[in-house]
Amino acid sequence: MRKTAAWPLAWIYTVLIVYASLYPFDNWRVQGISPWSFLSAPLPKYWTGFDVLSNVLGYAPLGFLLALALHRTQRDWPPIVIATLAAAALALAMETLQVFLPVRVPSNVDAALNVIGAWLGAVAARTLTWVGLIERWSRFRDRWFVTDAGSALVLLAVWPMALLFPAPVAFGLGQILERFEAALADLLEGTPWLEWMPLREVELQPLLPMSEMLCVAIGLCLPCWLAFSVLRERRQRFIVACLWLVVGVAASALSAALTYGPVHAWGWVSTEVAMGFGLAVVGAGGFIFASARMCLVMALVALVWQLSLLNNASADAYFSLTLQTWERGQFIRFHGLIQWLGWLWPYATLLYLVRRLSSVKSMMVD
């Protein structure tokens, strides 16, 4: 029995499923039908391959993560059975709650496909365990990462997915102040509390080229410094830095391809982005031989700096049109999930860095 990153990843994925299943979370009402009426409803006459594939693949990672977590922490429990039953309970709960959302249509076929997907994911995890790949990963992790690297590995795994949603600045995650102010103003409209809302004296302005370059560089360096803090040997840092720089660029290119089409996959690479990438290479390379604590301190300082720059700047009108393109597409729920990852990843990383540095400081005091 040992700690595993599969549990937090499973919880994160569960939250994403709930978000995708109940979006947009408004107009809740009792429609005068039984919440479980969908179970005995006739099979739908019209369905597409996309519907089948999305429902199966949507729950497959959950079944995989649950079965893997159970194998790593509860060896005596049947992982496939428990993972499938847990996913089935979640699927039935989501379909039942959709009865109260007029814009969502609960379906017994969707629930069945969700359960099948979770079962396939659990079987895949069990198969990988049977052939020894999970144990090989365990040995690899023990050789490369420190014992308490689970939280950092979760953040590193989520980072490429957070980059898929378009950002005003490449690799600039967490720019939420402007949209938060607008959402809060809409929420308080028509209430006396709107007058209590603090107002800025000046309008937010777009980032200067130098500030944009710094945000790009910091955004690329952050996962590298985070990984450096949990790697066992300094020679491993060079490999991980190269890998994560490539992953970040590839995720941003995929985001552009999904937004504007494959021919525009590299349209986001401006002069500022190119210079920021070069600065990131220098920043990551300069900390290959630094201590783990120094990497954590630098990551914390740089992250606070980046969030300050981003949230004191506005997004241009062209970016607003880009968001409308994403939000009106057929993958609206998928994009909404990725959007939340892009917004919350820096702040989750901030909490992790503060907690990690606090624990290191307390250990030094003891």
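Note that this is a predicted model, so its numbers are computed, not measured.

## Considering the overall build of the protein
Item 1. Looking only at helices and strands, the protein has 13 helices and zero strands in total.
Item 2. For the protein, the sequential pattern of α-helices and β-strands runs α-α-α-α-α-α-α-α-α-α-α-α-α.
Item 3. The buried share of the protein, taken over its 366 residues, is 45%.

## Considerations on the side chain of Thr-129
Item 1. Position of Thr-129 relative to the elements: it lies in helix 4 (residues 108–130).
Item 2. Among the residues examined, Thr-129 registers a relative accessible area of 14% and is labelled buried.
Item 3. Within the local environment of Thr-129, its side chain forms a polar contact with the backbone oxygen of Ala-125, the two atoms lying 2.8 Å apart.
Item 4. Setting aside chain neighbours within four positions, we find Thr-129 in contact with His-71 and Ile-134.

## Considering the packing of aromatic side chains
Item 1. Overall, the coordinates contain six aromatic pairs when judged by the stated rule.
Item 2. Grouping aromatic residues by their ring pairs yields a cluster made of Trp-137, Phe-140, Trp-144 and Phe-145.

## As for the pattern of salt bridges
Item 1. Across all of its chains, the model carries one salt bridge by this definition.
Item 2. Notably, a salt bridge pairs Arg-235 with Glu-233, separated by 2.6 Å at the nearest N-O pair.
Item 3. On the basis of relative accessibility, which here comes to 61%, the residue Arg-235 falls in the exposed class.

## What about unusual backbone geometry?
Item 1. Notably, Phe-171 is not glycine yet its phi reads approximately 65°, a positive angle.
Item 2. On the accessibility criterion, Phe-171 (5% relative accessible area) is buried.

## Considerations on the nonpolar core
Item 1. Membership of the largest hydrophobic core comes to 66 residues, with the highest contact counts inside it found for Trp-159, Phe-171, Phe-228, Trp-268, Trp-345 and Leu-353.
Item 2. Elements represented by at least two residues in this core include exactly helix 6 (150–162), helix 8 (209–228), helix 9 (235–260), helix 10 (271–286), helix 11 (292–311) and helix 13 (332–365).
Item 3. Looking at which element gives the most residues to this core, the answer is helix 8, with 12 residues.
Item 4. The contact partners of Phe-228, leaving out residues within four places of it in the chain, are Arg-237, Ala-241, Ala-284, Phe-287, Ile-288 and Cys-295.

## Observations concerning the packing of helix 1 (residues 6–22) against helix 3 (residues 79–98)
Item 1. Direction vectors running N to C along helix 1 and helix 3 enclose 25°, while the axes themselves pass 10 Å from each other. Taken together, helix 1 and helix 3 sit at an angle that is classed as roughly parallel. Helix-helix and strand crossings are classified by hand; for helix 1 and helix 3 the assignment is right-handed. Residues Thr-14, Ile-17, Val-18, Ser-21 and Leu-22 of helix 1 lie in contact with helix 3, whose contacting residues are Leu-90, Met-94, Leu-97 and Gln-98.
Item 2. Broken down by class, the residue content of the contact of helix 1 with helix 3 amounts to six nonpolar, three polar and no charged.

## Observations concerning the packing of helix 6 against helix 9
Item 1. Two elements in contact, helix 6 and helix 9, have axes separated by 8 Å at closest approach and are oriented at 30°. Taken as axis vectors, helix 6 and helix 9 run roughly parallel relative to one another. Across the interface between the two elements, Leu-156, Trp-159 and Pro-160 of helix 6 pack against Trp-244, Val-247, Gly-248 and Ala-251 of helix 9.
Item 2. Split by residue class, the contact of helix 6 with helix 9 holds six nonpolar, one polar and no charged.

## Brief notes about helix 8
Item 1. For helix 8, spanning 20 residues, the distance from its first C-alpha to its last is 29 Å, which sits close to the expected 28 Å at 1.5 Å a residue.
Item 2. If you look at helix 8, its biggest bend is around 30°, right at Cys-221, and the proline Pro-223 turns up within four residues after that.
Item 3. Most of helix 8 sits inside the fold, with 17 of its 20 residues counted as buried.

## Remarks on the state of the cysteines
Item 1. One pass over the structure, following the stated rule, counts zero disulfides.
Item 2. Cys-221 takes part in no disulfide bond, and the closest cysteine sulfur to it belongs to Cys-224, at a distance of 6.2 Å.
Item 3. Given the relative accessible area of 4%, Cys-221 is considered buried.

## A closer look at the confidence of the model for the protein
Item 1. For the protein, mean pLDDT is 83; residues scoring 70 or higher make up 86% of the total.
Item 2. Note on residues 326–333: pLDDT is under 50 here. Beyond four places in sequence and across chains, it has 17 contacts.

## Side note on a nonpolar patch on the surface
Item 1. Among the surface-exposed residues, Phe-25, Trp-28 and Leu-97 lie close enough to one another that they form a single nonpolar patch of about 270 Å² accessible area.
Item 2. For Phe-25, a relative accessible area of 36% puts it in the partly exposed group.

## A short note on the side chain of Asn-55
Item 1. Here Asn-55 shows up in helix 2 (residues 49–73).
Item 2. Exposure remark for Asn-55: the relative accessible area of 14% places this residue in the buried category.
Item 3. At 3.3 Å, the side chain of Asn-55 forms a polar contact with the side chain of Asp-110.
Item 4. Excluding residues that lie within four positions of it along the chain, Asn-55 makes contacts with Asp-110, Leu-113 and Asn-114.

## Remarks on the environment of Trp-159
Item 1. If you trace the backbone, Trp-159 turns up in helix 6.
Item 2. Residues Trp-159 and Pro-346, 187 residues apart in the sequence, show an inter-C-alpha distance of 9.2 Å.
Item 3. Sequence-distant contacts of Trp-159, defined by excluding residues within four places in its chain, comprise Phe-171, Leu-173, Gly-219, Leu-220, Pro-223, Trp-244, Gly-248 and Trp-345.

So, how was this worked out
Residues numbered from 1 in each chain as written. Predicted model: local features only at pLDDT ≥ 70, side-chain atom pairs only at ≥ 80, totals over all residues. Heavy atoms only, no water. Helix = DSSP H or I, 4+ residues; strand = E, 2+ residues; numbered from the N terminus. Buried < 20%, exposed > 50% of the residue type's maximum accessible area, 1.4 Å probe, protein only. Polar contact = N/O pair within 3.5 Å; in protein donor to acceptor, adjacent residues only side chain to side chain. Contact = heavy atoms within 4.5 Å. Phe/Tyr/Trp six-rings, centres within 6.5 Å; stacked < 30°, edge-to-face > 60°. Salt bridge = Lys/Arg side-chain N within 4 Å of Asp/Glu carboxyl O. Core = buried A, V, L, I, M, F, W, Y, C linked by side-chain atoms within 4.5 Å. Axes fitted to C-alpha atoms, helices over the stretch in contact; angles between N-to-C directions. Parallel < 35°, antiparallel > 145°, perpendicular 65-115°, else oblique. Left-handed = near helix turned anticlockwise from the far one by under 90°. Nonpolar A, V, L, I, M, F, W, Y, C, P; charged D, E, K, R; others polar. Expected span 1.5 Å × (residues − 1). Bend = angle between axes of the 7 residues up to and from the residue. Disulfide = S-S within 2.5 Å. pLDDT = per-residue confidence, 0-100. Patch = residues over 30% accessible without salt bridge, like charges linked within 9 Å, V, L, I, M, F, W, Y side chains within 5 Å. Areas by Shrake-Rupley, 256 points an atom, 1.4 Å probe, with all protein chains shown as cover.

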